[in-house]
Amino acid sequence: MGILQDDVVIIRQPDKEGGPTVITVNCPDKTGLGCDLCRIILFFGLSIVRGDVSTDGKWCYIVLWVVGREKTRWSLLKKRLIGACPSCSSASGISYYRSELQQPPKPPDVFLLKFCCHDRRGLLHDVTEVLCELELTIKKVKVSTTPDGKVMDLFFITDTRFYISFQLVLASLLLNCVYIRELLHTPKRRDDTIQQLTDTLKDALISIEIELVGPEIAACSQASSFLPTAITEDIFNLELPDPGRGGVFTSDSISIVMDNLLSPSHTLVQIMCQDHKGLLYDIMRTLKDYNIQISYGRFMTKPRGKCELDLFIMQADGKKIVDSSKQKSLSARLRTELLRPLKVTVVSRGPDTELLVANPVELSDKGRPLVFHDITLALKMLGICIFSAEIGRHAIGDREWEVYRILLDEGEGSPLPRNKIEKGVWNMLMGWE
């Protein structure tokens, strides 16, 4: 007997007001599944306060306790989580690591959202919020302000529902059910997007259009090998202390301990750190990039914003991590991601002030969600207008990054100190506001 699709993901609302909602996932295992689930939950604006995961390499069972927005669209969240899970038939003969045998997904079509309007404070955030609600992913943006107070915005966007539709169609063939594909290709989806943006911009809107772009223009929204050296140095100047000896890596707020004695077949990783928004996602994406399998894991938040994690992990070959250099590399990377999951700095460009934010991209080509949303919200709350903004992907070192370059319009009054701007944006990204 196969498991019913409705039982793959079960969402149970709290018994008491203010309590956590419990999400249970029961499906075949795949490399990086925990990362994919955490990313979706983060996209919906929820925080994970407790978690348990276990797998035998074929089937996994995950329980997550989440808190967050009152107006969460739980039915849509469930649909997205189901879309990230492998089909139940794939459990037959599955091994820990079969990802190299899977066909890569077809890249999504890129659309250009172009609109012109009269400028006002918080405009860019309001537009970004609408796109997030519609599950439209911003791949690249070019925002410019004219001397007469008009704004010309170019958003290169993809439809998140594109990926989901392919997975749900495959599931529907197996489970004899039908799902409606909602894509930006369709007139209805496009008209709904324009209507919601029109309702948000109101009288400020002058013109708006959405069009599918060709592969040459779409390539402009992908990674670029060039980024000015000055910008690279401004963003990536964080120096981390050398790790300690004996497999213990500590800082003021982070402790990572690796142990190979407790389990005959797994390496135990124990982490204690300060909580932040997307913490579990940052850990899971790091392990996914290293092709590490979690056989059992436990996550729990503690008083005063502390977190504790116990993870029993193994490598792609099914063995524990005994090589000290591999332990050191993984521990250093985890510590870096926990201490500074994103890079944020404010710099002077002659008479102008520029905000720089770098967001690491997973090897699967996905970046942390809602970064541009949080940046624009923080600037709106600080009362700072945006003169121009650019988002682009760049290869820096051995990794790919989404780099946000935002030229600030500080108006005629006294400008805010750079450290206050940086702190406001950082706190918003970390969920400390």
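Look a little higher up for the structure.
Residues numbered from 1 in each chain as written. Predicted model: local features only at pLDDT ≥ 70, side-chain atom pairs only at ≥ 80, totals over all residues. Heavy atoms only, no water.

Undergrad: Can you tell me about the pairing of strand E14 (residues 306–314), naming the residues and giving the values?
TA: The buried fraction of E14 amounts to seven of the nine residues, a majority that puts the element mostly inside the structure. Pairing analysis gives eight bridges linking strand E12 (residues 267–274) to E14, with the strands arranged antiparallel. Counterpart to Cys 273 in the pairing with E14 is Cys 307. Where strand E13 (residues 293–302) folds back on E14, the antiparallel hairpin that results is connected by three residues, among which Arg 304 adopts a positive phi of roughly 60 degrees. (Buried < 20%, exposed > 50% of the residue type's maximum accessible area, 1.4 Å probe, protein only. Helix = DSSP H or I, 4+ residues; strand = E, 2+ residues; numbered from the N terminus. Pairing = 2+ DSSP bridges.)

Undergrad: Which residues make up the environment of Arg 285, and what are the values?
TA: Mapped onto the secondary structure, Arg 285 falls in helix H8 (residues 279–289). The spatial distance from the C-alpha of Arg 285 to the C-alpha of Glu 337 is 9.7 Å, given a sequence separation of 52 residues. Not counting residues within four places of it along the chain, the set of residues in contact with Arg 285 comprises Cys 35, Glu 337, Pro 341, Pro 360, Glu 362 and Arg 399. At 2.7 Å, the side chain of Arg 285 and the side chain of Glu 337 are in polar contact. (Contact = heavy atoms within 4.5 Å. Polar contact = N/O pair within 3.5 Å; in protein donor to acceptor, adjacent residues only side chain to side chain.)

Undergrad: Can you explain the environment of Leu 382? Please cite residues and give values.
TA: Tracing the sequence through the fold places Leu 382 in helix H10 (residues 371–382). Put simply, Leu 382 and Lys 420 are 38 residues apart on the chain and 9.1 Å apart in space, counted from C-alpha to C-alpha. Setting aside residues no more than four positions away along its own chain, Leu 382 makes contact with Leu 416, Lys 420, Ile 421 and Gly 424.

Undergrad: I'd like a rundown of the packing of helix H3 (residues 123–133) against helix H5 (residues 187–201), residues and numbers included.
TA: Axis separation between H3 and H5 bottoms out at 10 Å; the angle between their running directions is 150 degrees. Our classification of the angle between H3 and H5 gives roughly antiparallel. Considering the relative orientation of H3 and H5, their crossing is right-handed. Facing H3, whose interface residues are Leu 123, Asp 126, Val 127, Val 130 and Leu 131, H5 presents Gln 196, Leu 197, Thr 200 and Leu 201. (Axes fitted to C-alpha atoms, helices over the stretch in contact; angles between N-to-C directions. Parallel < 35°, antiparallel > 145°, perpendicular 65-115°, else oblique. Left-handed = near helix turned anticlockwise from the far one by under 90°.)

Undergrad: An account of the packing of aromatic side chains is requested, with residue identities and associated values reported.
TA: In this structure the tally under the stated criterion is five aromatic pairs. Here the aromatic rings of Tyr 296 and Phe 312 are separated by 6.1 Å at their centres, their planes lie at 50 degrees, and the arrangement is tilted. Here Tyr 296, found in strand E13, pairs with Phe 312, found in strand E14; they are 16 residues apart in sequence, far enough to count as distant. Using a relative accessible area of 35% as the deciding quantity, one classes Tyr 296 as partly exposed. Ring geometry for Trp 426 versus Trp 432: centroids 6.4 Å apart, planes at 75 degrees, classification edge-to-face. Take Trp 426: its relative accessible area is 15%, and that puts it in the buried class. It is Arg 340 that lies over the ring of Trp 426; its NZ or CZ is 5.2 Å from the centre. (Phe/Tyr/Trp six-rings, centres within 6.5 Å; stacked < 30°, edge-to-face > 60°. Lys NZ or Arg CZ within 6 Å of the ring centre and 35° of its normal.)

Undergrad: I'd like a description of the pattern of salt bridges, backed by residues and values.
TA: One pass over the full model with this rule turns up 25 salt bridges. A network of salt bridges, in which partner residues are shared, links Asp 282, Arg 285, Asp 289, Arg 333, Glu 337, Arg 368 and Arg 399. (Salt bridge = Lys/Arg side-chain N within 4 Å of Asp/Glu carboxyl O.)

Undergrad: Tell me about the environment of Leu 379, and please be specific about residues and values.
TA: Relative to the helices and strands, Leu 379 is located in helix H10. For the pair formed by Leu 379 and Met 428, sequence separation is 49 residues and the distance between their alpha carbons is 9.7 Å. Here Leu 379 is in contact with Leu 355, Ile 384, Ile 386, Ile 406, Leu 408, Ile 421 and Val 425, once residues within four sequence places are set aside.

Undergrad: Tell me about the nonpolar core, residues and numbers included.
TA: Grouped together as the largest cluster of nonpolar side chains are 54 residues, with contacts concentrated most on Val 9, Ile 23, Leu 77, Ile 271 and Ile 283. Those residues in contact with Ile 283 that sit more than four places away from it in its chain are Ile 271, Leu 309, Leu 311, Leu 334 and Leu 338. Within the second largest apolar cluster, 46 residues are counted, among which are Val 127, Val 371, Ala 389 and Tyr 404. (Core = buried A, V, L, I, M, F, W, Y, C linked by side-chain atoms within 4.5 Å.)

Undergrad: Talk me through helix H2 (residues 74–84); I want residue IDs and the actual numbers.
TA: Among the eleven residues of H2, eight are classified as buried, and the element is accordingly described as predominantly covered. Among all positions of H2, only Trp 74, Leu 76, Leu 77, Arg 80, Leu 81, Ile 82, Gly 83 and Ala 84 are buried.

By themselves, these observations are geometric and do not establish any function.
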